[in-house]
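Spelled out, the chains give:
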Amino acid sequence: MFAERLVLARKAAGLSMSALGLEVGVSANAIKKYEHGNNMPTSKNLLKLAKALNVRSEYFFRPIKVNLEGVEYRKRANAPQKLLDKINGDVMEQAERWAELLGVYPDSVTPVPQFILSESLPDRVTTLNDIEAIADLMRQQWSLGLNPIHDMVDTLESKGIMIINTSVEVKKKFDGLAGKIESTPVVVISSHQPGDRQRFTLAHELGHLVLHDRLAEGLEEEKACNHFAGAFLLPKQAIREHLGVKRSALEAQELFMLKHEFGISMMSILFRAGQCGILSESQQRGYYMQFNKLKWRTQEPGDPYPNEETYLFKQLVYRALSEEYIGESKSAELLGISLSNFHKERKLGVTSAAIN
Ligand SMILES: [Zn+2]
């Protein structure tokens, strides 16, 4: 167990065997022996390893191991393997903590729902119009109406999709990834992306869950999922109510305001305006070229849309604590913070003299 986890943590930290050895004060060969299970570090070196790899020493002995299957990356073509290893290490570490947390709940309690798609969804999706309809249907079934979805993470988590927010530095080379652990769908977003990108990734991955196996030949899944994402975040009826049914021109400020209302990028709104017939194809292309020229494709103007946060994991740690399924030190370990920081957080910063 130790050997396997050391490899994972080292790759997650982006260190070579010799770089890690240097930090711990042992040779690369010694690290190699640990990783091949031929030798165990002394307890002193174990602590040094944990420190160098930014994990707690319990990490190396955590009994739970999860399998992330069917992984689909949303990355730029030039994302280096080293970066993907780092992300993968962080995701597995978080996913294992999730598995451990869910494992402390008794069978009679279901802290998270199972993800289920309604049987009333159409079996076959043959046109882009069908995708609009399916996005509308999903909104209807989840009682979302036509309003902006304020919290995409919460919306998906409440339907049984596991969301992992990775803080690995991604430098615009990675948007997210999706896969499955057992039968639970998992979507990974990056905390370094602006909120509108994170939300688009979340909606895109929801698209895969909904559309996979339903798409007719000739509909490319990636494109279909992008279309679904736009339609889910900003339904046709909503964009028409805001911009009108047919326009001869659009102001950038209109796109900017709509972006901040619905949490979808100006560029995506421009595409939606084309898809929904508000702009003609040539008008949309013209604006696209202007966007390109202004470098708005890489960075949109003005304040970014705020980041999405994940709260469910922490909520379930506190719920498990208050129901006495776990104690304080396990809570701190699951949250990845020190016991003293956990004490402070638990008491909401109020000193124990004031509240007892
Ligand atoms: Zn995709």
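Up top is the structure these notes are about.
Every chain is numbered independently, its residues counted from 1 as its sequence is written. Side-chain atom pairs in this predicted model are given and counted only at pLDDT of 80 or more, local residue features only at pLDDT of at least 70, and totals for whole chains, interfaces and linings cover all residues. Remark: hydrogens and water are excluded; side-chain values derive from all non-hydrogen atoms of the structure.

(A) Local environment of the overall build of the protein. Runs of H or I in DSSP of at least four residues are treated as helices and runs of E of at least two as strands, each being numbered from the N terminus. Helix and strand content of the protein: 16 helices and four strands. Its C-alpha atoms put the protein at 70 × 45 × 45 Å along the principal axes. Buried means the residue's accessible area, taken with a 1.4 Å probe over protein chains only, is under 20% of the maximum for its type, while exposed means over 50%, and partly exposed covers the values in between. The 356 residues of the protein split such that 44% are buried. What makes two residues a contact is simply this: any of their non-hydrogen atoms within 4.5 Å. A sequence separation of at least 24 residues applies to 70% of the contacts in the protein between residues at least 6 apart.

(B) Examining the pattern of salt bridges more closely. We define a salt bridge as a side-chain nitrogen of Lys or Arg found within 4 Å of a carboxyl oxygen belonging to Asp or Glu. In the structure shown here, the tally under the stated rule is 14 salt bridges. Linking Glu254 and Arg247 is a salt bridge whose minimum nitrogen-to-oxygen distance equals 2.9 Å. The partly exposed category is assigned to Arg247, whose relative accessible area is 23%. Of the charged contacts, one joins Glu300 and Lys259 as a salt bridge, the two residues approaching to 2.9 Å between their closest N and O atoms. A residue pair is termed long-range when its members are at least 10 positions apart, and Glu300 in the loop between helix 13 (281-293) and helix 14 (312-322) and Lys259 in helix 11 (residues 252-262) qualify at 41 residues. The burial state of Glu300 is the same as that of Lys259; both residues are buried.

(C) Geometry of the pairing of strand 4 (residues 184-190). Judged by how many residues are buried, strand 4 sits mostly within the fold: six of seven residues are covered. Here, any two strands with at least 2 DSSP bridges between them count as paired. The sheet contact formed by strand 2 (residues 162-166) and strand 4 spans five bridges and is parallel. Opposite Ile163, over in strand 4, you have Val187 as the bridge partner. Linking strand 3 (residues 174-181) to strand 4, which pair antiparallel, is a turn of two residues; within it Glu182 sits at a positive phi near 55 degrees.

(D) Broad picture of the nonpolar core. As used in this record, nonpolar core signifies buried Ala, Val, Leu, Ile, Met, Phe, Trp, Tyr and Cys residues forming a set joined through side-chain atoms within 4.5 Å. Ranked by internal contacts, the top residues of the largest apolar core, which has 53 residues, are Leu206, Leu211, Phe228, Phe232 and Ile239. Examining the composition of this core, we find that seven residues originate from one element, helix 9 (residues 221-233), more than from any other. Discounting residues that sit within four places of it in the chain, Phe228 has contacts with Ile131, Ile134, Ala135, Met138, Ala203, Leu206, Gly207, Val210 and Leu211. Counting 32 residues, the second-largest nonpolar core is a separate cluster that includes Met92, Leu312, Ala332 and Leu334.

(E) Just unusual backbone geometry, in detail. You will see that Asp213, though not glycine, has its phi angle at about 75 degrees, which is positive. Mapped onto the secondary structure, Asp213 falls in the loop between helix 8 (195-211) and helix 9. Take Asp213: its relative accessible area is 67%, and that puts it in the exposed class. Positive phi is not limited to glycine here, since Lys295 has a value of about 60 degrees. Along the polypeptide, Lys295 turns up in the loop between helix 13 and helix 14. The exposure class assigned to Lys295 is exposed, which follows from its relative accessible area of 60%.

Don't take any of this as a statement about function, it's just geometry.
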